[in-house]
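# Geometric and topological summary
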Amino acid sequence: MIDPTRIEARACARTYPNGTRALHPTDLGVEPGERLVLLGPSGCGKTTMLRILSGLDRPDPGGRVLFGDDDVTDRPIERRNVGMVFQSYALFPNMCVAQNVAYGLRLKGLPRAEREARAAHYMRLCRIEALGARRIDQLSGGQRQRVALARALAAEPRALFLDEPLTALDASLRETLREEIGALLAELSVTSVYVTHDQVEAMAIADRIVVMSAGRIEQIGTPRDVYERPQNLFVATFFGETNRLPDTDGRTHLVRPEHMRLVPPGEGIAARVVATTYLGAATRVTLDSEAGPMRVLDHEARRLAPGDAIGVRVDESRVMTFPTQPAPEPRPS
Amino acid sequence: MRGAPLPSKTPARRTGYGSRLSFAAGLALTLAIAGFLILPAILSMLAGVTANYFRGLSSGLTLRWVGEVLALYSDTIVLTLGLALATLATTLVLGVPAAWFLVRNPGRASRAIEELLTLPIAVPGLAIALAMILVWGGVGDLRTSWVFILIGHVLFTLPFMMRAVVANLQAIDARTLEEGAASLGAGPWRRFLEVIVPNARPGILAGSLMVVTLSVGEFNLTWMLHTPLTKTLPVGLADAYASMRLEVASAYTLVFFVMIIPLLVAIQWLGGLGAPGGKARR
């Protein structure tokens, strides 16, 4: 059985030899059994935080990492009893699937029979029980990541760390796997920290999301919190889509596409259709309006053509207002 | 090293007129060059089994000269093989961990070391040998020991071992593999022995064959370092050409080829296995 542990980073920072700060001093707590997702654009410090928590890297002097009441700061990863899943899988090509999954158990010195039983159990959970004898180079990308997950879980770690585990996979596979992984982690209630730059992935997996940028935490909250009540302009624009309304006296106003409605020309804000993307359940309409470029999600199956005149009405109660700041725009990911 | 100049790539895009002709011309040229290179060696080896070289093949074929070579130079052959194996062992023990260290700690210093490693290849063997004699020639009995030649051979072959292993380790993203093993609880030694070394096997194998082949065939450095009692095959060959019947020297060439050709074939074969597209990874 996996025994969930609380994990805590206290004043953890990381500075490169050239003086660049990858992570400013940061406190972060992960509750026992929680699925915490570190989300942010590349270079935001999320992987650095993961590597410090897992023990692959040390924090700068002064930072501490705690597993429960255990101060593990001075212990390298191999003495922390954790599991890790890498973007590039990190499976051992010299071992077959079953040997990969059982490797951590072998290191623990478990007797063979127990090793095999446990490896089989986690291979079944990850739906790779039929692949045990395969070589790693005979597996697809999705299968490899399942093997990596089974291998990390089989050692029944105190915490599981996942570093962009789905980034190397194609879109449809990503969708299936992220739901499976999310469900599996919840079922096993293993404390997990999951790094991604993909907000849809973050929402599917997370109990709580930590939005990071430029080496700092911008906001921590449930997916709903972060989406509906972003604490600052960065979070609002990075997490989900927003339209920017005209600034008023030093304040920026943002509104989500689903909180806008298309209305007949002459009503609301005057706009012109630039492009439409039919999504099935809705149509994404790109507009050029009096208030600047906008994207609206239209559920009413209108047939719009580029150049059509149209009006836009904003649900005023859903407008998000922030002090205007020269915040760095998040890079599109 | 890589890529025979001609025709392997041409057929795929043979679309224009006259390309069939140029293919044939290319093939002919390649065969001519190959013949030019191989023919003398074949003739030399043939001379080694000819009863009397000056009367030609009509004098009949014989293994007498080969027998004489084996009798005269059996010590040399044993020494050469022993030296090659000792060189191999030393380059394995030094080179594989060193290659891993370089891959694991990338940076300016590592690159500088890699550059330094190529020095023994660029500097003439004679110069290295001279330097060795100047520095260590007076140390104990080292000068007259076969170990002296071993040191020279290790200096000369270590870069080849390291390059092969470094390239292999980089290709398999060994650093991530190590982190994976560490995350499962493996300490530094087990990571190295159970994950890094087994997955670097193609590189280690290629490096090993290279080292053995180079050691067996090395002449420059060895000629300078050898004593009458520490003679290797190439030095003995020079000796035989200088002081004995041409047939004996030619038989010597034959013996040498028989020893070294399997090694060369194995290197080529291994090189093919490791080539991109040969066996796709990830």
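Residues numbered from 1 in each chain as written. Chains lettered and ligands numbered in written order. Predicted model: local features only at pLDDT ≥ 70, side-chain atom pairs only at ≥ 80, totals over all residues. Heavy atoms only, no water.

### Some points on the nonpolar core
The following threshold applies: Grouping buried Ala, Val, Leu, Ile, Met, Phe, Trp, Tyr and Cys residues that are joined through side-chain atoms within 4.5 Å yields what is termed a nonpolar core. Only protein chains enter the accessibility calculation, which uses a 1.4 Å probe; a residue is then buried when its area is under 20% of its type maximum, exposed when over 50%, and partly exposed in between. What counts as a helix is a DSSP run of H or I of at least four residues, what counts as a strand is a run of E of at least two, and both are numbered from the N terminus. In this description, contact between two residues means that some pair of their heavy atoms is separated by no more than 4.5 Å.
In terms of nonpolar packing, the biggest core is built from 52 residues, with Phe 92 and Tyr 103 of chain A together with Leu 169 and Val 195 of chain B touching the most fellow members. Contributing elements (two or more residues each) for this core: α2 (97-107) of chain A together with α2 (64-104), α6 (146-171), α7 (174-183), α8 (188-199), α9 (201-217), α11 (233-243) and α12 (246-274) of chain B. Considering each element in turn, this core owes the most residues, 12 residues, to α2 of chain B. If we skip the residues at most four places from it in the chain, Leu 169 of chain B touches Ala 99, Trp 100, Val 103, Ala 174, Ile 196 and Ala 200 of chain B. Core analysis: the second largest hydrophobic core is formed by 48 residues, Ala 102, Val 147, Leu 160 and Ala 202 of chain A among them.

### Let's talk about the packing of aromatic side chains
The cut-off we apply is this: Each pair of aromatic rings taken from Phe, Tyr and Trp, with Trp reduced to its six-membered ring, is defined by centres within 6.5 Å and is described as stacked if the planes are under 30 degrees apart, edge-to-face if over 60, and tilted in the remaining cases. Charge over a ring is defined by NZ of Lys or CZ of Arg lying within 6 Å of the ring centre and within 35 degrees of the ring normal.
Counted by the stated rule, this structure contains 7 aromatic pairs over all chains. Look at Phe 234 of chain A and Phe 238 of chain A: their rings are 5.6 Å apart centre to centre, the planes differ by 5 degrees, and that puts the pair in the stacked class. Of this pair, Phe 234 of chain A and Phe 238 of chain A both sit in helix α8 (residues 233-238), 4 residues apart, which is roughly one turn of that helix. By the burial criterion, Phe 234 of chain A is buried, and Phe 238 of chain A matches it. Ring centres of Phe 156 of chain B and Phe 160 of chain B lie 6.0 Å apart, and the angle between their planes is 65 degrees; on these two criteria the pair is classed as edge-to-face. Linking Phe 156 of chain B with Phe 160 of chain B, this pair stays in helix α6, spanning 4 residues, or about one helical turn. Of note, Arg 80 of chain A hangs over the ring of Phe 67 of chain A, and the distance from its end group to the ring centre comes to 5.8 Å. When the ring centre of Tyr 227 of chain A is taken as reference, the NZ or CZ atom of Arg 256 of chain A above it lies at 3.9 Å.

### Quick word on the UniProt feature "domain: ABC transporter" (unreviewed entry) in chain A
What counts here: UniProt positions are given in the numbering used here, feature names are shortened, and annotations may be inferred rather than shown by experiment.
As annotated by UniProt and renumbered to match this structure, "domain: ABC transporter" (unreviewed entry) occupies residues 7-239 of chain A. Helix and strand shares over residues 7-239 of chain A are 36% and 24% respectively, and the end C-alpha atoms of the span are 25 Å apart.

### Brief notes about the side chain of His 253 of chain A
Residues and elements named next belong to chain A. What counts here: Pairs of N or O atoms are called polar contacts if they sit within 3.5 Å, as long as, within protein, a hydrogen donor faces a hydrogen acceptor (for residues adjacent in sequence, only side-chain-to-side-chain pairs).
Here His 253 shows up in strand β12 (residues 251-255). For His 253, a relative accessible area of 13% gives the class buried. Looking at His 253, its side chain comes within polar contact range of the side chain of Thr 321, at 3.0 Å. Excluding residues that lie within four positions of it along the chain, His 253 makes contacts with Asn 243, Arg 244, Leu 245, Pro 246, Asp 247, Thr 248, Val 319, Met 320 and Thr 321.

### Some points on the packing of helix α5 (residues 125-136) of chain B against α6 of chain B
Residue and element names in this part refer to chain B. Quick reminder of the rule: An axis is simply a line fitted to the C-alpha atoms; with a helix, the fit covers only the stretch in contact. Between two such axes, the angle follows the N-to-C directions and lies from 0 to 180 degrees. For classification purposes, an angle smaller than 35 degrees is called roughly parallel, one larger than 145 roughly antiparallel, one from 65 to 115 roughly perpendicular, and anything else oblique. Here a crossing is taken to be left-handed if its near helix is turned anticlockwise relative to the far helix by less than a right angle, and right-handed if that turn runs clockwise.
One can describe the packing of α5 onto α6 by two numbers: an axis separation of 11 Å at closest approach and a directional angle of 135 degrees. Between α5 and α6, the crossing angle belongs to the class labelled oblique. Considering only the axes of α5 and α6, their crossing is right-handed. Judged by residue contacts, Ile 128, Met 132, Ile 133 and Trp 136 of α5 engage Phe 148, Ile 151, Gly 152 and Leu 155 from α6.

### Things to note about the pattern of salt bridges
Put simply, the rule is: The salt bridge definition used is simple: a Lys or Arg side-chain nitrogen within 4 Å of an Asp or Glu carboxyl oxygen.
One pass over the structure, following the stated rule, counts 32 salt bridges over all chains. With its nearest N and O atoms 2.6 Å apart, the salt bridge here joins Arg 51 of chain A to Glu 179 of chain B. On the criterion of chain membership, the pair formed by Arg 51 of chain A in helix α1 (residues 46-54) and Glu 179 of chain B in helix α7 is interchain, its members lying in two chains. Comparing Arg 51 of chain A with Glu 179 of chain B, the two get one shared label, buried. Of the charged contacts in the structure, one is a salt bridge between Arg 313 of chain A and Glu 267 of chain A, with a shortest N-O distance of 3.6 Å. One end of the pair, Arg 313 of chain A, is in strand β17 (residues 309-314); the other, Glu 267 of chain A, is in the loop between β13 (260-263) and β14 (269-278), and 46 residues separate them in sequence. The partly exposed category is assigned to Arg 313 of chain A, whose relative accessible area is 35%. Under the relative-accessibility criterion, Glu 267 of chain A is labelled partly exposed at 35%.

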